[in-house]
Number of protein chains: 4
Amino acid sequence: MFEIRTDLAVEEKESFPGNGGEVGGVSLREWKTASSGIKLTEVVILDEEGARVMGKPLGTYITMEAGRLRKKDEGYHREVSEELASQLHRMVSRMKEKGELDFHGPVHVLVAGLGNPSVTPDALGPGVLGNLRVNRNMKKKSEKEDTVISGIVPGVMAQTGMETAEILKGLIHETKPDLIIAIDALAARSIRRLGTTIQLTDTGIQPGSGVGNHRHSLTKESLGVPVLAIGVPTVVGAAAIVHDTISALIGTLASNMGTKGMGDFLKQLDPDEQYQLIRELLEPEFGSFYVTPPDIDQTLKQISYTISEGIHLAFYENPQEERK
Amino acid sequence: MFEIRTDLAVEEKESFPGNGGEVGGVSLREWKTASSGIKLTEVVILDEEGARVMGKPLGTYITMEAGRLRKKDEGYHREVSEELASQLHRMVSRMKEKGELDFHGPVHVLVAGLGNPSVTPDALGPGVLGNLRVNRNMKKKSEKEDTVISGIVPGVMAQTGMETAEILKGLIHETKPDLIIAIDALAARSIRRLGTTIQLTDTGIQPGSGVGNHRHSLTKESLGVPVLAIGVPTVVGAAAIVHDTISALIGTLASNMGTKGMGDFLKQLDPDEQYQLIRELLEPEFGSFYVTPPDIDQTLKQISYTISEGIHLAFYENPQEERK
Amino acid sequence: MFEIRTDLAVEEKESFPGNGGEVGGVSLREWKTASSGIKLTEVVILDEEGARVMGKPLGTYITMEAGRLRKKDEGYHREVSEELASQLHRMVSRMKEKGELDFHGPVHVLVAGLGNPSVTPDALGPGVLGNLRVNRNMKKKSEKEDTVISGIVPGVMAQTGMETAEILKGLIHETKPDLIIAIDALAARSIRRLGTTIQLTDTGIQPGSGVGNHRHSLTKESLGVPVLAIGVPTVVGAAAIVHDTISALIGTLASNMGTKGMGDFLKQLDPDEQYQLIRELLEPEFGSFYVTPPDIDQTLKQISYTISEGIHLAFYENPQEERK
Amino acid sequence: MFEIRTDLAVEEKESFPGNGGEVGGVSLREWKTASSGIKLTEVVILDEEGARVMGKPLGTYITMEAGRLRKKDEGYHREVSEELASQLHRMVSRMKEKGELDFHGPVHVLVAGLGNPSVTPDALGPGVLGNLRVNRNMKKKSEKEDTVISGIVPGVMAQTGMETAEILKGLIHETKPDLIIAIDALAARSIRRLGTTIQLTDTGIQPGSGVGNHRHSLTKESLGVPVLAIGVPTVVGAAAIVHDTISALIGTLASNMGTKGMGDFLKQLDPDEQYQLIRELLEPEFGSFYVTPPDIDQTLKQISYTISEGIHLAFYENPQEERK
């Protein structure tokens, strides 16, 4: 079945009747940061009913909407880093409370920078890893309290012949991290999300998500350790553009026309006939094409640094308690 | 005015009534290479009438359609390089005959690799320059017969603060090349063109063309020396996708409906109202967004090498005569 | 103890008394290719005595000296690729005969591109992997006869926090390759080796070797599967330069002077006092510094392609039988 | 004549008898910053006598020695940026006072990032330009007071076939900057300088300086506009290592030996015979080889950002007066 994909839970929510009204099994919370007005949305999918409606697995999805993220503005980026650190810290704390992250002493976090370094809008993960400070190689026995961080850029299957899941499973087997943080470029539905939103989720990476379309999931079920995923939408699938255009056109036509015949025709078009139309209009290989802004390289350079700093703040510096 | 842009003359031709039928002031010739079946199309815009209809300046546009160009296949790429060399050589010879390239002794060719090296689909020019062998720095006085080649990657205005035209004018003033060859990634109308077509033209680069939207032209008029342009389409403007979708939908609706009102409404929509609709549907900054295939990095790696080899064959090796 | 390091067995051999004369436990064979005159040297360390004298483990070390390897010359590079393929094929065949490579049906080769992609003379491995065609992701059940190839750029410990050996062990555990081919930039003793020599060995990678100084070995013992290593010297340790200078100076002084006192002094300097002197002359952190030619980037671009083609020829194309 | 090269005026000074004592025609001033203890040295070559002795042209050379520059430490780097901005501002103010920078209204600064982007220790200039914010393309007529900044990465002659001086002359002709700031990786004499020192000079770039050995000078004389040069030593020429080794060894031998013959021999060796020895010991192409630390990529990443920020602070932000 034809599918208009978004990797953002907040966009699934928006597409509901009444634009994000109450849905069974899904809780929603929104707030803004005091100083810079970064908008945070927390979508929690509570049960199977919510998961079915949202088309996403149970778990927590935090979205940070930061309109000035594409600009170079050190103070603002610092604030986004701090907010990301705070949310990361909160998720890790909750995992500890629930016993999902069962440990005494230091946590070992393996940060995986997914995506293809040589395709600009897919290179968020490698970009973050390029700024990440790892310390697993420098840990001494005495520094038991601090988080241990290691990192990998696994590459993409066309370059390695291996699934990302295989590579991570191997590293987990060998180096025994307690937690994976997977960084990945995402596909959004709306172009205004591109480069202005960070999503943090405790559900890992789902099959078919990301710019590069991972075939296997990266989740606690598949990898054996919890997976936090940090993503930034950098592309909109070309099919989404086509879909939106048709919806908008049909809306325009319907409201502009009084004739009964037209109204009837348009009603019966929606939604199955719409999909039929889209399939006809889409050339075969078009499904994998994507739309991206021309300045995505600069945007990703800024955000990669901001995310790496968020990870540093969450795990390397001590007094995170006041952030909760 | 809203404009659906293509940098390919062959696509302008296709969009004419009757799909490329006779147009005053434009001549068309098509043929295939014997061994690999590369399709060549030569569009010559002969007079102002042709230029007006085509929306492109007077001159010759040669398109090589090579479906397997996106694959790694050394023999095939070699053939494309040879064909490109042959066409380059033919254009240069014609320029000499016409006196446009006025010289005795060696020609000095400055190859300019346009585009942003850090944005994958815009990086054709820098990619070709990365493979190009220059020799201007090694020429001795005695080797008077050979072509002199120099090269530059001018960068993009957001990085340099200078127009590409300014940079090239400066280099022309200082190093006195006889001919510029400008390499640039192009925007096409149709996604099936992406990475499978090479366009060679003696008209230079027009304002607003290329992936990165040059504001100034690079032509004999603006630079003072003749400019050959080699381009490969790597993106389709997002607006073109929207436009095509609307056209297709309107076509479908009109043919599916018998109601008079609908037919009347749709007829009056075309073409000005269509544009109005598209403008409404397009979010403001969307105009500069583009659609590109996910494997564009591999495609450009192959084609960059193929184009650089074509230039080497055209200018560095001696017996090109039999190629004409 | 101060050590002047070389990763090339052929250089260890040269440093013996009589410049490579007979040594117990080591066999030596030299020959040239018919057309291009590439010089091949095979050093086989046969027993513990040979290993002790050579300072390298038991096994076969094949050196290809190809003076024009630093130049762009497609025919010559093709020949080097073919020779490398032939030697790779020979080593694999011998492994099969000995039962070291115990398999029926297709071999799975994991190619590891060691080194730091962002340090030019250390980037041989990532460069080769950038050209390597993998096929593990595309294999169908029916194509049982062909070699399966996967590839990884593991990065360096300062970036990942993990030893290369750990990463490879994890991948071996998960993907079960039959054989590792490790590509690495090497340190030589003599600057004339830089970029002109390829070493192929069945002994894997030893601790402390390579430009980046791996701390752990990559061998059959440490990884559990056989390891072929392909290396190209790209640096000379700065300490080697100092050592050679002192040796040469002492030689010059001794031969120029008739005074007994000097001769006696110099004799007593060698070798322990020489080392003492070198240690005094070397500033502390100097040990890790290296000497490299200014055009190493171009050299590595050429050789990376040549090695990747050698691997393709050895494993992807069929009629390798005549090469044995 | 064999020459041990340093691009640092402060090292020339150190090599004088008495380790930097009084020299006619050269003034010396040293101080430290209050908070971080960055050591600043200002060498002013006042007349032809000073220029002859120093082997460098008349002008001001400011050296900032910042031992922790190779570390990632945002506060420290910020301080270095501010100090660099302060010194840049001071030099520009002095140029205005002297009338060397003759203007009313805004200054236009063209920043040139010299060096080869694909050779790690030569990539300082391209690295700084990668972080530089240009504004020439965004200036409106009304903003008359602010500095205008443009930037270029001219590449190296082996890639362009053009001298850097030619490229800059062309750009100067076309875009009329008032001042060039040239960024370049430098060669030092002492390895402890590598990555810990920034030199700022108003004398431009001299022939034969830099890692990549520019053949032409970039000075007010050659380009027609004043040239400030910012450099960081990233390599030591291999010949310098050899020279230092020999000097140290001869010193050791001489002090350890009482025999008359030896002393006489060594005395007569110095300095011409020493050079003779070095020439014999150096293999022919060795002259262009260089020594560089293994972590130079990380060092340059840090320093590139620090220098770009220094330029931003000097020219984009307003109240620089208190910095003097």
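Only a predicted model underlies this, so the values are computations on that prediction, with no experimental measurement involved.

Draft legend 1. Focus on the overall build of chain A. A tally of regular secondary structure across chain A gives 11 helices and 9 strands. Burial analysis of chain A (324 residues in total) assigns 60% to the buried set. For chain A, restricting intrachain contacts to residue pairs at least 6 apart in sequence, the fraction spanning at least 24 positions comes to 74%. Here chain A displays about 13,000 Å² of accessible surface, and carbon together with sulfur accounts for 49% of that area.

Draft legend 2. Highlighting the packing of aromatic side chains. Following the criterion strictly, the structure yields 0 aromatic pairs over all chains and no others. Here Arg29(D) stacks its cationic end above the ring of Trp31(D), 4.1 Å away from the centre of that ring.

Draft legend 3. Focus on the packing of helix 3 (residues 74-98) of chain C against helix 11 (residues 296-315) of chain C. All names here are of chain C. Where helix 3 meets helix 11, the axes come as close as 7 Å, and the angle between the chain directions of the two elements is 45 degrees. What the angle tells us is that helix 3 and helix 11 run oblique. Note on packing geometry: the crossing formed by helix 3 with helix 11 is right-handed. For the pair helix 3 and helix 11, contact is made by His77, Arg78, Val80, Ser81, Glu82, Leu84, Ala85, Leu88, His89 and Val92 and by Gln302, Ile303, Thr306, Ile307, Glu309, Gly310, Ile311, Leu313, Ala314 and Phe315, respectively. Here the residues of the contact of helix 3 with helix 11 sort into 11 nonpolar, 6 polar and 3 charged.

Draft legend 4. Summary view of helix 11 (residues 296-315) of chain D. Here helix 11 of chain D contains 20 residues, and its C-alpha end-to-end distance of 28 Å stays within 8% of the 28 Å for a straight helix at 1.5 Å per residue. Taken across its 20 residues, helix 11 of chain D has 17 buried, putting it largely inside the fold.

Draft legend 5. Quick look at the relation of the copies chain A and chain D. Expressed as a screw operation, the relation of chain A to chain D combines 0.0 Å of axial shift with a rotation of 180 degrees, fitting to an RMSD of 0.1 Å. Both copies of the chain, as the preceding transformation shows, are related through a two-fold rotation axis. Take the interface residues of chain A: 100% of them recur as interface residues in chain D, which is what a same-surface contact looks like.

Draft legend 6. Expanded view of the pairing of strand 8 (residues 227-237) of chain C. Residues and elements named next belong to chain C. Across the 11 residues that make up strand 8, a large majority, 10, are buried. Alignment of strand 6 (residues 179-188) against strand 8, held across 9 bridges, turns out to be parallel. Looking at strand 8, one finds that Asp184 is bridged to Gly231. With 3 bridges joining them, strand 7 (residues 197-201) and strand 8 adopt antiparallel strand pairing. By the bridge assignment for strand 8, Leu200 is matched with Ile230.

Draft legend 7. Representation of the environment of Glu11(C). Residue and element names in this part refer to chain C. The topology assignment puts Glu11 in helix 1 (residues 9-14). Contact partners of Glu11, with chain neighbours within four places excluded, come to Thr6, Ala188, Arg189, Ser190 and Arg193. Among the polar contacts listed, one links the side chain of Glu11 to the backbone nitrogen of Arg189, at a separation of 2.5 Å. Polar contacts involving the side chain of Glu11 include one to the main-chain amide nitrogen of Ser190, which spans 3.1 Å.

Draft legend 8. Geometry of the interface of chain A and chain D. If you look at the interface, chain A gives 9 residues, while chain D gives 9 residues. Here chain A meets chain D over a buried area of about 650 Å², counting both sides, of which 22% is carbon and sulfur. At the junction of chain A with chain D, the criterion picks out 0 salt bridges. Taken together, chain A and chain D are joined by 4 residue pairs in polar contact (both at pLDDT 80 or more). Secondary-structure elements contributing two or more residues to the side of chain A that touches chain D are helix 4 (124-131) and helix 11 (296-315) of chain A. The greatest single-element share of the side of chain A that touches chain D, amounting to 4 residues, is contributed by helix 11 of chain A. Class assignment for the residues of the side of chain A that touches chain D results in 1 nonpolar, 3 polar and 5 charged.

Draft legend 9. Representation of the confidence of the model for chain A within the structure. The pLDDT averaged across chain A works out to 83; a share of 80% of its residues lies at or above 70. Reported confidence for the predicted complex is 0.87 by ipTM and 0.88 by pTM.

Draft legend 10. The arrangement of helix 3 (residues 74-98) of chain A in detail. For helix 3 of chain A, with 25 residues, the first-to-last C-alpha span of 36 Å sits near the 36 Å given by 1.5 Å per residue. Phi turns positive one or two residues past the end of helix 3 of chain A, at Gly99(A), with a value near 75 degrees.

Calculation rules
- Residues numbered from 1 in each chain as written.
- Chains lettered and ligands numbered in written order.
- Predicted model: local features only at pLDDT ≥ 70, side-chain atom pairs only at ≥ 80, totals over all residues.
- Heavy atoms only, no water.
- Helix = DSSP H or I, 4+ residues; strand = E, 2+ residues; numbered from the N terminus.
- Buried < 20%, exposed > 50% of the residue type's maximum accessible area, 1.4 Å probe, protein only.
- Contact = heavy atoms within 4.5 Å.
- Areas by Shrake-Rupley, 256 points an atom, 1.4 Å probe, with all protein chains shown as cover.
- Phe/Tyr/Trp six-rings, centres within 6.5 Å; stacked < 30°, edge-to-face > 60°.
- Lys NZ or Arg CZ within 6 Å of the ring centre and 35° of its normal.
- Axes fitted to C-alpha atoms, helices over the stretch in contact; angles between N-to-C directions.
- Parallel < 35°, antiparallel > 145°, perpendicular 65-115°, else oblique.
- Left-handed = near helix turned anticlockwise from the far one by under 90°.
- Nonpolar A, V, L, I, M, F, W, Y, C, P; charged D, E, K, R; others polar.
- Expected span 1.5 Å × (residues − 1).
- Least-squares fit on C-alpha atoms with pLDDT ≥ 70 in both.
- Pairing = 2+ DSSP bridges.
- Polar contact = N/O pair within 3.5 Å; in protein donor to acceptor, adjacent residues only side chain to side chain.
- Buried area = accessible area lost by both parts, 1.4 Å probe.
- Salt bridge = Lys/Arg side-chain N within 4 Å of Asp/Glu carboxyl O.
- pLDDT = per-residue confidence, 0-100.

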